[in-house]
Amino acid sequence: MIKTRMTEVFGIQHPIMLAGMNWITDARLVAAVCNAGGLGIFATARCTPEEMRENIREIRKLTDRPFGVNIILIFFGGPEKIKVAIEEKVPIINYTLGKPWFIDEVHAYGGKVMGTTALAKHAFKAAQLGCDAVIVTGHEAAGHGANATSLILIPIAASTVKVPIIAAGGFYDGRGLAAALALGADGISMGTRLMLTKESILHDSFKKLCLDATEQDTLYDTVFDGLPGRALKSKGAKDMQKRGFPFVEAFKAASQLRNEMKLTYPQFVALSLKMMSAGEESSPLWVQARQATGLARFLRGIYDGDTEEGILFAGQAIGGIHDIPTVEELIHRVINEAEKILALLNAQVH
Ligand SMILES: Cc1cc2nc3c(=O)[nH]c(=O)nc-3n(C[C@H](O)[C@H](O)[C@H](O)COP(=O)(O)O)c2cc1C
């Protein structure tokens, strides 16, 4: 057993979290992680607030353990989703991109709040605002790590942040967990590794591409969704990098997005303007156009398995991942390996 401030604060067995991953973290995957003793996080970016509520209820049917929701505050329906999460008394709210105005309300029902950050100064700020834990995301990550790698970011954040730190970006085995603890983290968040499990809905053709990939086979760029992020070096991702600004594709993708979000044209334009004027976290129109384009291609990759045009966020961890275990097998393997390493290292101290 590895007990840390993370297991204590969230009331879980193992210091391992399923990173919130839009499209990937469905109720089944979230519950599988919770039932295996970790912390499952459901990413809500693809949902309307009501769909999010249905998913929360579905998760509760599948597990009685603590779980969380990941909400992008400046994204469509952010404040409404926070309201739903509070009404449903979700045990853990993991927010990203924006300032958390709701911490007291969550604490009032006994819930916890966790901010996702990629800079040490933002982790410090999130803790100062009252977060119960912070996620720090290193450059290795799928999705949105900043410049510093986990090796640099974790100890720097750990020297100033007083609440538990969950390290994200590049973690896929027990060696990574032991290293993160040594660097000052209280646990790890795994995205890419848990995306490559039996319970994950990722299409088999992309699972296979990931298994065949090395640590060199990702691309880090802003073309995928407007923010600096890392994608698997697939044909679709390489095409996106080579092409200029995708005006026609962005236009088509934006109308598809409007349909999926069930918004009228005025609502869609109002949302876009709101995202453009969200202060430090604002998304200019070109970023939004990139997001819409990326979204359509992510869907083609994750659900349809279209390896020609579809794309997939994936971290450098793919280089070390060679199998598709069940969630339970994976979590037990990571914990057993970390325990052995920690005992071995301890025995070397005289
Ligand atoms: C397919 C995919 C979708 C993601 N969607 C989100 C999201 O909706 N919200 C979020 O905060 N992070 C998102 N991320 C980033 C992850 O939460 C996490 O930071 C990252 O996967 C950690 O790095 P790792 O992949 O090396 O474990 C996504 C990652 C992937 C692979």
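Look a little higher up for the structure.
About the thresholds
Residues numbered from 1 in each chain as written. Predicted model: local features only at pLDDT ≥ 70, side-chain atom pairs only at ≥ 80, totals over all residues. Heavy atoms only, no water. Helix = DSSP H or I, 4+ residues; strand = E, 2+ residues; numbered from the N terminus. Buried < 20%, exposed > 50% of the residue type's maximum accessible area, 1.4 Å probe, protein only. Contact = heavy atoms within 4.5 Å. Areas by Shrake-Rupley, 256 points an atom, 1.4 Å probe, with all protein chains shown as cover. Pairing = 2+ DSSP bridges. Axes fitted to C-alpha atoms, helices over the stretch in contact; angles between N-to-C directions. Salt bridge = Lys/Arg side-chain N within 4 Å of Asp/Glu carboxyl O. Parallel < 35°, antiparallel > 145°, perpendicular 65-115°, else oblique. Left-handed = near helix turned anticlockwise from the far one by under 90°. Phe/Tyr/Trp six-rings, centres within 6.5 Å; stacked < 30°, edge-to-face > 60°. Core = buried A, V, L, I, M, F, W, Y, C linked by side-chain atoms within 4.5 Å. Domains from an automatic or database assignment. Near = heavy atom within 4 Å. Polar contact = N/O pair within 3.5 Å; in protein donor to acceptor, adjacent residues only side chain to side chain. Nonpolar A, V, L, I, M, F, W, Y, C, P; charged D, E, K, R; others polar.

A. Spotlight on the overall build of the protein. Check the secondary structure of the protein and you find 15 helices and ten strands. Here the protein holds 350 residues, and the buried ones make up 55% of them. Across the protein, every contact between residues at least 6 apart in sequence was considered, and the portion connecting residues at least 24 apart equals 62%. For the protein, the exposed area adds up to about 15000 Å²; of that, 58% sits on carbon and sulfur atoms.

B. Just the sheet that holds strand S1 (residues 16-18), in detail. A sheet is described by the order of its strands in space; here eight strands give the open sequence S1-S8-S7-S6-S5-S4-S3-S2, paired in parallel fashion. Looking at the sheet topology across the chains shown, the edges are occupied by S1 and strand S2 (40-43). Across this sheet, the average inter-strand angle for adjacent strands is 25°, counted without regard to direction. In this structure, strand S7 (residues 165-168) lies alongside strand S8 (residues 187-190), joined through three bridges in parallel fashion. The partner of Ala-167 across the bridge, within S8, is Ile-188. Each of strand S3 (67-72) and strand S4 (92-96) touches helix H4 (residues 78-87); the most contacted strand, S3, lies at about 165° to it. Strand contacts of helix H8 (residues 174-183): S7 and S8, with the helix running at about 135° to S8, the strand carrying the most contacts.

C. Representation of the pattern of salt bridges. Using the criterion set out here, one finds 15 salt bridges in the structure. Three or more residues are tied together by salt bridges with common partners; here these are Glu-50, Arg-53, Arg-57, Lys-83, Glu-87 and Glu-88.

D. Structural detail: the packing of helix H2 (residues 27-35) against helix H3 (residues 49-62). In the contact formed by H2 and H3, the axes pass within 9 Å of each other and the chain directions differ by 40°. Judged by the angle between their axes, H2 and H3 are oblique. The chirality of how H2 crosses H3 is right-handed. Taken together, the residues of H3 that come into contact with H2 (itself represented by Ala-27, Arg-28, Val-30, Ala-31 and Asn-35) are Asn-55, Glu-58, Ile-59 and Leu-62.

E. Here's a closer look at the packing of aromatic side chains. Within this structure, the stated rule accounts for four aromatic pairs. Through pairs of rings, three or more aromatic residues link up here, namely Trp-23, Phe-298 and Phe-313.

F. Structural detail: the nonpolar core. With 85 residues, the main nonpolar core has Val-69, Phe-102 and Phe-224 as its most contacted residues. Counting contributing residues per domain, this core is built from domain 1 (5-199) and domain 2 (204-316), each supplying no fewer than three. Discounting residues that sit within four places of it in the chain, Val-69 has contacts with Ile-41, Phe-42, Thr-44, Met-52, Ile-56, Ala-85, Val-90, Ile-92, Ile-93 and Asn-94. Residues Phe-10, Ile-41, Ile-92 and Ala-168 belong to the second largest nonpolar core, which totals twelve residues.

G. Summary view of the environment of Gly-319. Considering the arrangement of structural elements, one finds Gly-319 in the loop between helix H14 (285-302) and helix H15 (327-347). It is 5.8 Å that separates the C-alpha atoms of Gly-319 and Ala-213, two residues lying 106 residues apart in sequence.

H. Molecular detail of the site of the ligand. The environment of the ligand is made up of 17 residues, and the closest members are Gly-20, Asn-22, Gly-170, Gly-191 and Thr-192. The contact in question runs from an oxygen atom of the ligand to an N or O atom on the backbone of Gly-191, over 2.8 Å. Within the side chain of Thr-192, an N or O atom sits 2.6 Å from an oxygen atom of the ligand. Relative to its free-state accessible area of 610 Å², the ligand is covered by the protein chains to the extent of 93%. Residues that form the shell around the ligand fall into these classes: eight nonpolar, nine polar and no charged.

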